[in-house]
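Spelled out, the chains give:
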Amino acid sequence: MSTLNRPKNIGRNISRIRELRGMKQGALADAIGTNQQTISSIETSETVDFEKLVQIAKALGVTVEAIENFTEESVFNFFNNFYDNSSSQGNSFNQGMNATFNPLDKVIELYERLVLAEKELVQAEKEKVEYLEKLLNKEK
């Protein structure tokens, strides 16, 4: 039987989304302030109280609509499209990571910032030495 013909089972959808997120029942239970047995019961239910569904959706990082309309096919389509889009933007080494700047310019910029910081540090040390010398001269 296709999932398109199967009646919606909110509990099963919650279970699959939780598994895809790599979350255990206990972690979901902690996130919504209940226990693991309650989550197990919810995941075997065809319907879930709306307020509880809102809490679960928030804990899973999805919308209520995502839970209600979840299908295995939509997940596969998402991952297939994601893979297709990311692999077309670069090779396996730099997938979509094309530099938008000249790396040599960045090296020069960083070097100049380092030199400036070093000059400021030297100046601060000189001022500190002068201050300490003044203090020593006052004590004499």
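Residues numbered from 1 in each chain as written. Predicted model: local features only at pLDDT ≥ 70, side-chain atom pairs only at ≥ 80, totals over all residues. Heavy atoms only, no water.

A few words on the pattern of salt bridges. All chains considered together, the criterion is met by four salt bridges. The salt bridge partner of R16 is E19, with a shortest N-O separation of 2.6 Å. Placement of both R16 and E19 in helix 1 (residues 10-20) is noted, with a separation of three residues, approximately one turn of the helix. Ionic pairing is found between E43 and R18, a salt bridge with its closest N-O pair at 2.5 Å. Linking E43 in helix 3 (residues 36-43) with R18 in helix 1, this pair joins segments that are 25 residues apart in sequence. Summarising the burial analysis for this pair, E43 and R18 share the class buried. (Salt bridge = Lys/Arg side-chain N within 4 Å of Asp/Glu carboxyl O. Helix = DSSP H or I, 4+ residues; strand = E, 2+ residues; numbered from the N terminus. Buried < 20%, exposed > 50% of the residue type's maximum accessible area, 1.4 Å probe, protein only.)

Where helix 2 (residues 25-32) is concerned, the buried positions are Q25, L28, A29 and I32. End-on, the buried residues of helix 2 take up no more than an arc of 100 degrees, which puts them together on one face. Among the structural elements, helix 1, helix 3 and helix 4 (50-60) are those in contact with the buried residues of helix 2. G33, located one to two residues past helix 2, shows a positive phi value of around 75 degrees. (Arc of directions from axis to C-beta. Contact = heavy atoms within 4.5 Å.)

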